[in-house]
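One letter stands for each residue in the lines below.
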Amino acid sequence: MNEQNASNGLRVAIAGLGSIGTKIATALDQGIEGLALSAVAVRDPARHQAFMNGLRRSPQILPIDQLGEAADIVVECAPSQHLRSIVEPAVKRGKSAVVVSVGGLLDNFDLVDLARANGGRILVPTGALIGLDAVNAAAIGTIHSVKMVTRKPIDGLKGAPFIVQNNIDIDNLREPLKLFEGSAREAAKGFPANVNVAVALSLAGIGPDRTRIQVWADPTVTRNVHRIEVEADSARFSMGIENIPSENPKTGLITALSVIALLRKQRATLCVGT
Ligand SMILES: NC(=O)C1=CN([C@@H]2O[C@H](COP(=O)(O)OP(=O)(O)OC[C@H]3O[C@@H](n4cnc5c(N)ncnc54)[C@H](OP(=O)(O)O)[C@@H]3O)[C@@H](O)[C@H]2O)C=CC1
Ligand SMILES: O=C([O-])CC(=O)C(=O)O
């Protein structure tokens, strides 16, 4: 029972039981082929007692930096400042870490080398985005440019460091306002809880410095809207997604589903899409 459970299944631990983590925990508890929920990490266990009581099988509750001892796959879905303390112990032990706060990976990119040196893996789901399969494929050839435009309702952007530091009042907007234009790397610093998608896109394609993004505060939209244009030597493609916000207005509902789809692929007999 050390590395894998008795049925040769994979043990999955979840760091953070918020909008994303609770849905992944529920899906695992209800059953994903070959996977079992072994542990979770929460800030205040008492706050999550009712949710934990509703699970058919209670996972262990552990500190975030101990999840790698209790699982083969650790899913990071906590605020990005905790990324390192969740991912490092896991990949050091040769485990896989699913990283949802992917913006935080840019300042901790040595974790990829650490994983490589120890036989671990870092898996970045498509998350709240679309089409990373096509971007991955195009990147085998030459991608000339990747451009993204993100529009979010006001509630989905409140508190972003870029807005606070530049003293921008978005509460009284009546029409769309372009807040930012620049690289995915700069965007991740200014909007750490809003543009993980741009960083995932950049890592699939031409990197965080060449991937360009605009961020708009848009009082006319009710969804988190992302439009992407890719120009490559194999294809030109445009993609768009309009995400329904979850209980956390910054996070689209589809994000947790994307992680569940990734987990399903770990042991599925039929895998569709790259
Ligand atoms: N890649 C992508 O496409 C996307 C990525 N994201 C990112 O995913 C991450 C999670 O998002 P979301 O679920 O909406 O966030 P939430 O704020 O809903 O949940 C975060 C959870 O982390 C918990 N947490 C905070 N500190 C700790 C700690 N020290 N130990 C354990 N748990 C802790 C919080 O606990 P408590 O409940 O006690 O506050 C909360 O339950 C964010 O970084 C977000 O930016 C979001 C959307 C899309
Ligand atoms: O679209 C969403 O719901 C979330 C998002 O942009 C992100 O976190 O990058």
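On a predicted model such as this, the values are computed, not experimentally measured, just so you know. (Residues numbered from 1 in each chain as written. Chains lettered and ligands numbered in written order. Predicted model: local features only at pLDDT ≥ 70, side-chain atom pairs only at ≥ 80, totals over all residues. Heavy atoms only, no water.)

### What about the site of ligand 1?
(1) Moving on: Residues in close proximity to ligand 1 total 26 residues, the closest being Arg 43, Arg 47, Ser 101, Ala 128 and Thr 251.
(2) Moving on: A distance of 3.1 Å separates an oxygen atom of ligand 1 from a polar atom in the backbone of Gly 18.
(3) Moving on: Asn 248 places a polar side-chain atom, nitrogen or oxygen, 2.9 Å from an oxygen atom of ligand 1.
(4) Moving on: Within the complex, the protein chains bury 86% of what would otherwise be the 930 Å² of accessible surface of ligand 1. (Near = heavy atom within 4 Å. Polar contact = N/O pair within 3.5 Å; in protein donor to acceptor, adjacent residues only side chain to side chain. Areas by Shrake-Rupley, 256 points an atom, 1.4 Å probe, with all protein chains shown as cover.)

### Focus on the UniProt feature "binding site: NAD(+)" (unreviewed entry) in the protein chain
(1) Moving on: As annotated by UniProt and renumbered to match this structure, "binding site: NAD(+)" (unreviewed entry) occupies Ala 128 and Asn 196. Separation in sequence by 69 residues is not matched in space for these annotated residues, since their most distant C-alpha atoms are only 8.4 Å apart.
(2) Moving on: Along the chain, the position of Ala 128 falls in the loop between strand 6 (121-123) and helix 5 (132-140).
(3) Moving on: Excluding residues within four positions of it along the chain, Ala 128 makes contact with Val 197, His 226, Ile 241, Asn 243, Ile 254 and Thr 255.
(4) Moving on: With respect to the helices, strands and loops of the structure, Asn 196 is situated in helix 8 (residues 196-204). (UniProt positions renumbered as here; feature names shortened; annotations may be inferred. Helix = DSSP H or I, 4+ residues; strand = E, 2+ residues; numbered from the N terminus. Contact = heavy atoms within 4.5 Å.)

### A short note on the environment of Val 91
(1) Moving on: By the secondary structure assignment, Val 91 is in helix 3 (residues 83-92).
(2) Moving on: The class for Val 91 is buried, based on a relative accessible area of 0%.
(3) Moving on: Between the alpha carbons of Val 91 and Ala 46 there is a distance of 29 Å; along the sequence they are 45 residues apart.
(4) Moving on: Among residues more than four places away in sequence, those in contact with Val 91 are Ala 97, Leu 111, Leu 114, Ala 115, Asn 118, Gly 120, Arg 121 and Ile 122. (Buried < 20%, exposed > 50% of the residue type's maximum accessible area, 1.4 Å probe, protein only.)

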